[in-house]
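The chain contents come next:
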Amino acid sequence: MERIACFILLVTYFVVQSNGLTEANYYTSPMNKIYYIEPQNKYNWFGSLTECTRMNMSIITVDSAEKTKDLNDVINTNFKDVEKPLLYIGGSDMADNGKYVWHSTGNEFVYTNWAEYEPNNFEDDEHCVHIGLYNDGTWNDVKCSLKLGFICEVNKNEPQ
Ligand SMILES: *[C@@H]1O[C@H](CO)[C@@H](O)[C@H](O)[C@H]1NC(C)=O
């Protein structure tokens, strides 16, 4: 029995490796949500969507103060003594300038956590939302082609 468990673990490890996904990037939050955090600046916003989908997850929707707190707790605990990673979240106004929506729900922003003077749509070319620029977890808008990290969450219709 133990041997079988060991074998399954090993197989899982190699499957995860061959997908290019890293087991260590999964975090369980205080609210018992599972987040995948890619901390390296390797993906534009659309690449981030693709990566989350490839993991059977969705780019994160942060539509309440409770969710902000939950996410901040995970980041502050796991990226304590390092520079905060720059991470895409699932908001964009690419489709309709000025109308920010959450990619995974299709809902327009109601709750927001913008940093002061944001979103500024700098040079009329910033349509995707990320965190990490400001230490308090508030949001900034950037060019969607900029390569950053990202956060995925378990799809809302799937059990956690
Ligand atoms: C995603 O789901 C599919 C279909 O159930 C499965 O084959 C695949 O291994 C899953 N991928 C990950 C990374 O969990």
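Rules used in this analysis
- Residues numbered from 1 in each chain as written.
- Predicted model: local features only at pLDDT ≥ 70, side-chain atom pairs only at ≥ 80, totals over all residues.
- Buried ≥ 20, exposed ≤ 12 C-beta atoms within 10 Å, placed from the backbone.
- Helix = DSSP H or I, 4+ residues; strand = E, 2+ residues; numbered from the N terminus.
- Pairing = 2+ DSSP bridges.
- Contact = placed C-beta atoms within 7 Å.
- Core = buried A, V, L, I, M, F, W, Y, C linked by C-beta atoms within 7 Å.
- Arc of directions from axis to C-beta.

## Overview of the pairing of strand E8 (residues 148-154)
Thinking step 1. Counting buried positions along E8 yields six of seven residues, so the element is predominantly enclosed.
Thinking step 2. In the sheet, strand E3 (residues 57-59) pairs with E8 via three bridges, with the strands oriented antiparallel. Bridging from a neighbouring strand, Met57 pairs with Val154 of E8.
Thinking step 3. Summarising the sheet, strand E4 (residues 87-92) and E8 pair through two bridges and their orientation is parallel. Bridging from a neighbouring strand, Leu87 pairs with Gly149 of E8.

## Quick look at the environment of Val129
Thinking step 1. Counting through the fold element by element, Val129 comes out in strand E6 (residues 128-131).
Thinking step 2. In this structure Val129 comes out as buried when scored by C-beta crowding, with 27 C-beta atoms within 10 Å.
Thinking step 3. Here the alpha-carbon distance between Val129 and Gly90, two residues 39 residues apart in the chain, equals 7.0 Å.
Thinking step 4. Not counting residues up to four positions away in its chain, the partners in contact with Val129 are Ile89, Gly91, Ser92, Trp139 and Asp141.

## Thoughts on the nonpolar core
Thinking step 1. By size, the foremost hydrophobic cluster in this structure holds 24 residues, and its most contacted members are Ile59, Leu87, Tyr88, Ile89, Phe150, Ile151 and Cys152.
Thinking step 2. Secondary-structure elements contributing two or more residues to this core are strand E2 (34-43), helix H2 (45-54), E3, helix H3 (65-78), E4, E6 and E8.
Thinking step 3. Tallying contributions element by element places E8 first for this core, with four residues.
Thinking step 4. Ignoring any residue separated from it by four or fewer positions in sequence, one finds Ile89 in contact with Ile59, Ile60, Val62, Val129, His130, Ile131 and Ile151.

## Quick word on H2
Thinking step 1. Turning to H2, its buried residues are Trp45, Ser48, Leu49, Glu51 and Cys52. Down the axis of H2, the buried set is contained in an arc of 165°. They therefore lie on one face. Of the residues in H2, the exposed ones pointing more than 90 degrees away from the buried face are Thr50 and Arg54.
Thinking step 2. Of the surrounding secondary structure, the elements contacted by the buried residues of H2 are E2, E3, E4, E6 and E8.

Remember that the coordinates give geometry; whether it matters functionally is a separate question.
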